[in-house]
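One-letter residues, chain by chain:
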Amino acid sequence: MSLSFEGRVVLVTGAGGGLGREYALAFAERGASVVVNDLGADTKGGGKSSAAADKVVEEIRAKGGKAVANYDSVEDGEKLIQSTLDAFGRIDVVVNNAGILRDRSFARTSDLDWDLIQRVHLRGSFLVTRAAWNHMKNQKFGRIIMTASAAGIYGNFGQANYSAAKLGMLGLANTLAIEGRKYNVHCNTIAPVAGSRLTETVMPPDLVASLKPEYVAPLVLWLCHEQCQENGGLFEVGAGWIGKLRWERSQGRTVRQKNQPMTPEVVRDQWDKICDFTDATKPTSVQESLQSIMTVLSQVESGGEVGVNPTAAAASATSASGINPAEAVGQKLPPTTFNFTHTQCILYALGVGMSTRDPDHLRFLYEGHPDFSCLPTFGVIPSQAAMMDGGLTSIPGLNIDFTQVLHGEQYLELYRPLPTSGKLTSETTIADVLDKGSGAVILLDVNTYSGDELVSYNQFTVFVVGAGGFGGKRTSEKAKPSLPPPKRAPDAVVIDSTTRDQAALYRLSGDWNPLHIDPSFAAMGGFKAPILHGLCSFGFAARHVLKHFADNDPSRFKAIKVRFVKPVMPGQSLQTEMWKEGNRIHIQCKVKETDAVVLAGAYVDLHGASEASPESLTQGGGLQSELVFAEIGRRIKDLGSELVKKVNAVFGWEITKDGKSAAQWTIDLKNGSGSLHKGPCSGKADVTFTVSDEDFMEVVMGKLNPQKAFFSGKLKVRGNIMLSQKLEVILKDYAKL
Ligand code: NAI
């Protein structure tokens, strides 16, 4: 469909010749009613004549178009708009095109040279546009063009006055684009190149002839059409070519440290980095521009905190130069301690999307559940504390800009199922530092202990944008590799929705980076809204695997590796695709709505169902309760029939050790002459008790009353709770220890 301007009223200033004339003819040809404004001045702004505008109006009318002339100077902006309204009753498009030149070297620029240029270009465009503004706003349609110039964008010898005015018009356009947006009043700026009487003084005649104004006009028409949604754009146009311009900003460098003076020497020393456009950003708003400044402010004040997700994370001023792997590798961060109870485990489970809607999830959400467990991926939480505390800033040989830190990959391995409460200590070592050219990769190995026992190992892969090129190696044998999935359709796919508040909930597990909650902070990072934590999607994917391939049994979990590729917005749905290859489940996670891969090269390693898991290794081993059950077994042999008469029930027992299921027993005092066997009940137990080995002994030895144990949560009962009254019969009278 051709672009029609039927019914539209267009005002083109300075349309008596050159580019303006071309615009006027083109708009009229496509049905617009055109006001051809021209003062009829000479190129320097002298003189006045109606001939120029009249001639163009005649040309238009001769072709059957609608046009009227206006001879006012753009400095009388109101008059131009009034005559437009008088002639056609409305104003839809203003093309600010009128212009003159008074080129002088700067030293010779007089007040008049300066003022005239500002008056015609900048003030004239302001006055004409302001007069049209409310009409456009009220009719909820308007298109405005500002005419800038390469001289303003880049500077040009002898055009100080003109350059200033032309770039002033761009500034004016930038703000009008913002103020007009919600009224469908758009403002764009062009920097044209065309042969005209203005350029014939500086261009050879051939070039003037070949750079035709008609190679510029189509851009102006498109930008002024109702279909065009472009707003606030800046375009270079000429010879039939059109290009768009935008601002670019170097990654820059924070050159200030908390409680230390900022000095010109540090600025000097960091100059190359400040001016380095590698991985430059392209801010598009004052908000984006300011927010990075505000971020640096808060980060410097907080002494440099390092986040673990894709974001500007923390600021560290440094006057020393970059990275020295020889110095950094092997360095340890200060150890951290993590105290937790079942509350943190449950909060984490909710944070990674578990819900009571799914009955399977209850064992991770209810501390009273007989199989209450901690999700394996909770293992990242105690270990990330070292980085959250800003420990990295103290490492010698790692003079990096912490605003440029991204969380690239994560590996987690558990050596035993996580406890549901307790105290864990973590030791973090700089395992390696790699030079990837565009950035540096830091491998952080974190070992987490419960007492002396190693519980988990994490490897955080941190990417520092712009910190490469220090001459380091590119790969490391210490890096836990990510692996591509098999090239067949996935064996299983789970789709799960995150909620609008997923990040708000997940952060309560200890990742306080404002990127995940603060819209202005997120905008600074170039995101439309706060993004979900990478480690939250990681938690979603891991539990999808656990449910699908390990029956939600955390003791089957061995390890997970993921690479963070793209952010997820809270509220989006995660699609986890899984491929089973032996005990390794390859995974890929996508945002369902966009099909964008967010977790790549990922896999979960499981312990085989029959393989000796850490849990089964301790099964029966070293439990004090073993002795009691052995005694119960003997008693049943002696007095089985009597007990069956008295009790008439099947009791299941689940003995836990350090929060983990360690042994199961079934006492059958219902069938035959009674029996005891180790392992879960083959039929259905009338009642099942879950109790720790220690508390079991307390009860047996009469130090802990079973009712009290129940009410304090130490003894959990499933099934016919009344039968627990018969416990004393079994434990006290017959165990007799
Ligand atoms: P031009 O000199 O052919 O057209 C400018 C027109 O503006 C003239 O007809 C003139 O009478 C009129 N005019 C001057 N002062 C006026 C006033 N106070 N009120 C109303 N009309 C007035 O020049 P050209 O090349 O067509 O330029 C059009 C616009 O494009 C100008 O703003 C110029 O600065 C800009 N430009 C042109 C370039 C080129 O290569 N032609 C390069 C960069 C910018």
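About the cut-offs
Residues numbered from 1 in each chain as written. Predicted model: local features only at pLDDT ≥ 70, side-chain atom pairs only at ≥ 80, totals over all residues. Heavy atoms only, no water. Helix = DSSP H or I, 4+ residues; strand = E, 2+ residues; numbered from the N terminus. Axes fitted to C-alpha atoms, helices over the stretch in contact; angles between N-to-C directions. Parallel < 35°, antiparallel > 145°, perpendicular 65-115°, else oblique. Left-handed = near helix turned anticlockwise from the far one by under 90°. Contact = heavy atoms within 4.5 Å. Nonpolar A, V, L, I, M, F, W, Y, C, P; charged D, E, K, R; others polar. Buried < 20%, exposed > 50% of the residue type's maximum accessible area, 1.4 Å probe, protein only. Pairing = 2+ DSSP bridges. Near = heavy atom within 4 Å. Polar contact = N/O pair within 3.5 Å; in protein donor to acceptor, adjacent residues only side chain to side chain. Areas by Shrake-Rupley, 256 points an atom, 1.4 Å probe, with all protein chains shown as cover. UniProt positions renumbered as here; feature names shortened; annotations may be inferred. Phe/Tyr/Trp six-rings, centres within 6.5 Å; stacked < 30°, edge-to-face > 60°. Lys NZ or Arg CZ within 6 Å of the ring centre and 35° of its normal. Core = buried A, V, L, I, M, F, W, Y, C linked by side-chain atoms within 4.5 Å.

Asks: Explain the environment of Arg357 to me, please; I cannot follow it from the model alone.
Replies: Relative to the helices and strands, Arg357 is located in the loop between α13 (342–351) and α14 (362–365). For the pair Arg357 and Gly683, spaced 326 residues apart in the sequence, the C-alpha separation amounts to 27 Å.

Asks: Help me understand the packing of helix α4 (residues 111–139) against helix α6 (residues 160–180) in this model?
Replies: Axis angle and axis distance: for two packed helices, these are the angle between their axes and the distance between the axes, and together they describe the pair. Viewed as axis vectors pointing N to C, α4 and α6 meet at an angle of 15 degrees, and their least axial separation amounts to 8 Å. When the axis of α4 is compared with that of α6, the two are roughly parallel. Between α4 and α6 lies a crossing whose hand is right-handed. Two secondary-structure elements touch here, α4 through Asp113, Trp114, Ile117, Gln118, His121, Leu122, Ser125, Phe126, Thr129 and Trp133 and α6 through Ala160, Asn161, Tyr162, Ala164, Ala165, Lys166, Gly168, Met169, Leu172, Leu176, Glu179 and Gly180. Within the contact of α4 with α6, the residues separate by chemical class into 12 nonpolar, 7 polar and 3 charged.

Asks: What exactly am I supposed to notice about the pairing of strand β9 (residues 336–340) here?
Replies: Consecutive residues of a regular strand have side chains that alternate between opposite faces of the sheet. Going residue by residue along β9, you find Thr336, Phe338 and Phe340 tucked away on one face and Thr337 and Asn339 left uncovered on the opposite face. Sheet topology places β9 next to strand β11 (residues 422–435); 5 bridges connect them, and they run antiparallel. From the neighbouring strand, Thr336 faces β11, where its bridge partner is Ser426.

Asks: Just checking my understanding: could you explain the site of the ligand for this structure?
Replies: Surveying the vicinity of the ligand reveals 30 residues, the closest of which are Leu19, Asp38, Asn97, Tyr162 and Ser196. Note that an oxygen atom of the ligand is positioned 2.8 Å from one of the backbone N or O atoms of Leu19. At 3.1 Å, a backbone N or O of Val74 approaches a nitrogen atom of the ligand. For the ligand, the protein covers 96% of the area, taking 820 Å² as the surface of the free molecule. Taken together, the elements giving at least two residues each to the shell around the ligand come down to α1 (18–29), α4, α6 and β6 (185–193).

Asks: Please explain the sheet that holds β6 as it appears in this structure.
Replies: Strand pairs in the sheet, formed through backbone hydrogen bonds, run parallel or antiparallel to each other. Pairing is mixed across the open sheet formed by 8 strands, whose spatial order is β3-β2-β1-β4-β5-β6-β7-β8. Looking at the sheet topology across the chains shown, the edges are occupied by β3 (66–70) and β8 (241–245). Going across the sheet, the axis of each strand differs from the next one's by a mean of 20 degrees, ignoring polarity. Contacts between helix α2 (residues 51–62) and the sheet are confined to β2 (33–37) and β3, with β3 contributing the most and set at about 175 degrees to the helix.

Asks: Which parts of the structure should I look at to understand the UniProt feature "domain: Ketoreductase" (unreviewed entry) in the protein?
Replies: Per the UniProt annotation, the sites labelled "domain: Ketoreductase" (unreviewed entry) are residues 8–201. Helix makes up 47% of residues 8–201 and strand makes up 17%, while its end C-alpha atoms are separated by 36 Å.

Asks: Would you explain the packing of aromatic side chains in this entry?
Replies: Aromatic ring pairs are described here by two measures, namely the spacing of the ring centres and the angle between the planes. Taken as a whole and judged by the stated rule, the model has 13 aromatic pairs. Each member of the aromatic cluster is reached from another via a ring pair, and the members are Phe629, Phe651, Trp653, Trp665, Phe689 and Phe696. The ring of Phe540 has Arg543 sitting right over it, with the charged end atom 4.7 Å from the ring centre.

Asks: Which parts of the structure should I look at to understand the nonpolar core?
Replies: Across soluble globular proteins, nonpolar side chains show a tendency to be buried alongside one another. Leu375, Phe378, Tyr506, Phe538, Ile560 and Met578 are the most contacted members of the largest nonpolar core, which totals 52 residues. Sort the elements by how many residues they give to this core and helix α18 (residues 534–550) lands first, with 10 residues. In this structure, Met578 is in contact with Pro490, Asp491, Ala492, Val494, His544, Val545, His548, Phe549, Ile585, His586 and Ile587, ignoring residues within four places of it in sequence. Listed in part, the 34 residues of the second largest apolar core include Ala15, Phe27, Ile60 and Ile145.

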